[in-house]
Amino acid sequence: MPHQYDVLIIGAGAAGLLCAIEAAKRGRRVAVLEHADRIGKKILISGGGRCNFTNIHCQPQNFLSANPHFAKSALARYTPADFIALVEKHRIPYHEKTLGQLFCDRSATDITNMLEAECRAAHVRIILNAKVTAVSRDTQFTVCCDSAEYRTPALIVATGGLSIPKMGATCFGYDLARQFGLKIITPRPGLVPLVLNPADRKRYSDLAGVSTEIIAQAGGDSFREKMLFTHRGLSGPAILQISSYWHEGESIQIDLAPDRDATAAIREAGTRNQSAAEKSLQQFLPKRLAETWLRHNKPTNYTNPALAALEQKIHAWSLTPATTEGFEKAEVTVGGVDTDELSSKSMESRKVPRLFFIGEVVDVTGHLGGFNFQWAWASAAAAGRSL
Ligand SMILES: Cc1cc2nc3c(=O)[nH]c(=O)nc-3n(C[C@H](O)[C@H](O)[C@H](O)COP(=O)(O)OP(=O)(O)OC[C@H]3O[C@@H](n4cnc5c(N)ncnc54)[C@H](O)[C@@H]3O)c2cc1C
């Protein structure tokens, strides 16, 4: 006999667990099916183990989506303050690190323990080691796992994105959406280091470990934060942020000297030469970076027009990365279930009544800094409160 529930949720990650709590608090009999042997594995590794669980400056502008308006309603109805209230109810110590990012003082297990306790209090059934392999629909949904079958009138898909396949990421949510005729915006890695093309890798890989503050720009968006050279390319917060906007074949622009007249000291030097140029760049760049960069971007001479060209290049250094480090290193997936297919109020499919998609599986992707969890909580609450 199949097990019957009012609400079945596939995926015990951030979105699935919060949705379960909200639905169960409204008196629904809720079960969560999770193929891993524990809940919230991504929460546990997030924020370097301290979980950057929200951002107090969260705005719709902090999200990418084919429809930038879609997330507004859910974000307005479940705000960072709502999640902070839950964290404070459980007396979890936390702090603001930088730019509104809230982290646990102790460890991310505080967040998974909190979600588990809330599930227990609301009588949510969490079923681990339950990999959902097939779903069908007649008057209700039938959900098949390896060893059991479930029936429900309301099915919530909270299977997350494709990043970090080692942690249990699957394409099941996208396959299910396609099975029911929903469109998918092609998923690609986001918040991911960039790999330089072979020529640039040869020039700059010796700089691995060097970091500096820059403005990175791509596709009309820009981020002012740190950039880090790696053995294969570029990383650091500014690069991770811009990677979500970058498409293969495009170039990125890097301002190596934000707000500075970078060549002023060369123009004013008694002798204008390579050594004066290096000294000038070292005023705002680490020594090794200044030397290496100048070696590969030497001005033709030190006349005023040549220095003007150098100034311009320092503020708009154009690179065409070969690729990204892929889903293995990506923090999120950009793309997913097309928001045109979903109600922005409840995350319910417009085509298939009582089928919902929440969290990262949806084509809404946050910037770095706690925004992806805020989307998981907000979309989960929107669905959970509508059940
Ligand atoms: C290294 C790293 C650090 C991060 N740090 C932060 C951070 O500090 N702040 C932030 O805001 N965001 C962070 N993120 C992003 C954030 O973790 C995700 O956006 C968020 O977890 C998405 O929540 P979700 O519930 O949609 O998906 P997930 O948390 O991925 O949960 C999906 C669940 O579904 C399960 N599942 C998948 N397929 C099946 C199936 N067929 N059957 C049963 N179960 C299935 C998975 O095992 C998983 O438990 C980080 C991501 C990574 C990879």
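Residues numbered from 1 in each chain as written. Predicted model: local features only at pLDDT ≥ 70, side-chain atom pairs only at ≥ 80, totals over all residues. Heavy atoms only, no water.

Where do I start with the side chain of histidine 367 in this structure?
Here histidine 367 shows up in the loop between strand 23 (365–366) and helix 13 (371–384). Given the relative accessible area of 9%, histidine 367 is considered buried. A distance of 2.8 Å separates a polar atom in the side chain of histidine 367 from a polar atom in the side chain of tyrosine 245. Those residues in contact with histidine 367 that lie beyond four places of it in its chain are Gln61, Asn62, Leu64, Leu191, Phe223, Gln241, Tyr245 and Asn372. (Helix = DSSP H or I, 4+ residues; strand = E, 2+ residues; numbered from the N terminus. Buried < 20%, exposed > 50% of the residue type's maximum accessible area, 1.4 Å probe, protein only. Polar contact = N/O pair within 3.5 Å; in protein donor to acceptor, adjacent residues only side chain to side chain. Contact = heavy atoms within 4.5 Å.)

Help me understand helix 6 (residues 172–179) in this model?
Helical geometry: 3.6 residues make up each α-helical turn, so side chains three or four residues apart lie on a common side. All of the buried residues in helix 6 are Phe172, Gly173, Tyr174, Leu176 and Ala177. In this structure, the buried side of helix 6 is in contact with strand 2 (7–10), strand 9 (132–137), strand 12 (154–157), strand 13 (184–190), strand 21 (332–337) and strand 22 (355–357). Positioned one or two residues after helix 6, glycine 181 has a phi angle of 80°, which is positive.

Is there a simple way to explain the pattern of salt bridges in this structure?
Pairs can form between side chains of opposite charge whenever their charged atoms are close. A full pass over the atoms with the stated rule returns 16 salt bridges. Its salt-bridge partner being arginine 151, residue aspartate 138 comes within 3.1 Å of it at the nearest N-O pair. Linking aspartate 138 in the loop between strand 9 and strand 10 (141–145) with arginine 151 in strand 11 (residues 149–152), this pair joins segments that are 13 residues apart in sequence. The structure contains a network of salt bridges with shared partners spanning Glu22, Lys25, Arg26 and Arg385. (Salt bridge = Lys/Arg side-chain N within 4 Å of Asp/Glu carboxyl O.)

For this particular structure, what's the right way to read the pairing of strand 12?
Of the two faces of strand 12, the one carrying Ala154 and Ile156 and the one carrying Leu155 and Val157 are both buried. Inspection of the sheet shows strand 2 paired to strand 12 by four bridges, in the parallel sense. Bridging across to strand 12, leucine 8 finds its partner in leucine 155. Across three bridges, strand 12 lies against strand 22 in parallel orientation. Residue pairing for strand 22: valine 157 is matched across the bridge by phenylalanine 357. (Pairing = 2+ DSSP bridges.)

Even after reading the chapter, I still don't get the packing of aromatic side chains, so can you show me in this structure?
To describe a pair of aromatic rings, one takes the distance between the centres and the angle between the planes. What the rule picks out here adds up to twelve aromatic pairs. Consider the rings of phenylalanine 141 and phenylalanine 180, whose centres lie 6.1 Å apart with planes at 75°: the pair is edge-to-face. Separated by 39 residues along the polypeptide, phenylalanine 141 in strand 10 and phenylalanine 180 in the loop between helix 6 and strand 13 bring together distant segments of the chain. The buried category is assigned to phenylalanine 141, whose relative accessible area is 1%. Judged by its relative accessible area of 16%, phenylalanine 180 falls in the buried class. Feature note: the residues Phe53, Phe83, Tyr94, Phe373 and Trp377 constitute an aromatic cluster, connected by ring pairs. Residue placement shows lysine 97 over the ring face of phenylalanine 103; its charged tip is 4.8 Å from the ring centre. (Phe/Tyr/Trp six-rings, centres within 6.5 Å; stacked < 30°, edge-to-face > 60°. Lys NZ or Arg CZ within 6 Å of the ring centre and 35° of its normal.)

Explain the site of the ligand here, please?
Taken together, 31 residues surround the ligand, and among them Ala15, Glu34, Thr170, Glu360 and Phe373 come closest. Between an oxygen atom of the ligand and a main-chain N or O atom of glycine 47, the distance comes to 3.1 Å. In isolation the ligand has 1000 Å² of accessible area, and contact with the protein removes 93% of it. The set of elements that each furnish at least two residues to the shell around the ligand consists of helix 1 (14–25), helix 2 (41–45) and helix 13. Here the shell around the ligand gets three residues from one element, more than from any other, and that element is helix 13. (Near = heavy atom within 4 Å. Areas by Shrake-Rupley, 256 points an atom, 1.4 Å probe, with all protein chains shown as cover.)

Where do I start with the sheet that holds strand 16 (residues 221–229) in this structure?
Sheet strands pair via backbone hydrogen bonds, and the direction of the pair is either parallel or antiparallel. Strands sit in the order 19-18-15-16-17-14-20 across an open sheet of seven strands; the sheet is antiparallel. Each edge of the open sheet is held by one strand with a lone partner, namely strand 19 (317–319) and strand 20 (323–324). Here strand 18 (residues 252–255) runs beside strand 19; their pairing, made up of three bridges, is antiparallel. In the sheet register, glutamine 253 faces strand 19, and the bridge partner there is serine 318. Against the sheet, helix 12 (residues 304–315) contacts strand 18 and strand 19, and its axis sits at roughly 110° relative to strand 18. (Axes fitted to C-alpha atoms, helices over the stretch in contact; angles between N-to-C directions.)

What is the right way to read helix 5 (residues 109–121) from this model?
Over its 13 residues, helix 5 runs 18 Å from end to end, which matches the ideal 18 Å to within 8%, given 1.5 Å per residue. Backbone geometry just downstream of helix 5 places histidine 123 in the positive-phi region, at approximately 65°. (Expected span 1.5 Å × (residues − 1).)

Sorry if this is basic, but what is going on with the pairing of strand 10 here?
Two faces, one strand: in a regular strand the side chains alternate between the faces of the sheet. Across the five residues that make up strand 10, a large majority, four, are buried. Here strand 9 runs beside strand 10; their pairing, made up of five bridges, is antiparallel. By the bridge assignment, serine 136 is partnered in strand 10 with threonine 142. In sequence, strand 9 turns back onto strand 10 through a hairpin of three residues. Counting the residues in the hairpin turn of strand 10 and strand 11 gives three residues.

It is not clear to me how the environment of aspartate 6 should be interpreted in this structure. Could you clarify?
Locating aspartate 6 in the fold gives a position in the loop between strand 1 (3–4) and strand 2. Using a relative accessible area of 33% as the deciding quantity, one classes aspartate 6 as partly exposed. Sequence separation between aspartate 6 and glycine 100 is 94 residues, and the spatial gap between their C-alpha atoms is 38 Å. Discounting residues that sit within four places of it in the chain, aspartate 6 has contacts with Gly27, Arg28, Arg29, Thr152, Pro153 and Ala154. Reaching out from aspartate 6, the side chain makes a polar contact with the backbone nitrogen of arginine 29 at a distance of 2.8 Å.

What should I look at first to understand empty space enclosed by the protein in this one?
Rolling a probe over the atoms, with the probe sized like a water molecule, indicates the empty space that remains. A full pass over the atoms with the stated rule returns one cavity of 30 Å³ or more. Roughly 30 Å³ of internal volume is contained in the largest cavity. Pro60, Phe63, Ser65, Asn67, Pro68, Ala71 and Val364 together form the lining of the largest cavity. Residue composition of the lining of the largest cavity, grouped by class: five nonpolar, two polar and no charged. (1 Å grid on protein atoms, 1.4 Å probe; cavity = no way out; pocket = protein on both sides within 12 Å on 5 of 7 lines; lining within 4 Å. Points joined across faces, edges and corners; volume = space filled by probe spheres on them. Nonpolar A, V, L, I, M, F, W, Y, C, P; charged D, E, K, R; others polar.)

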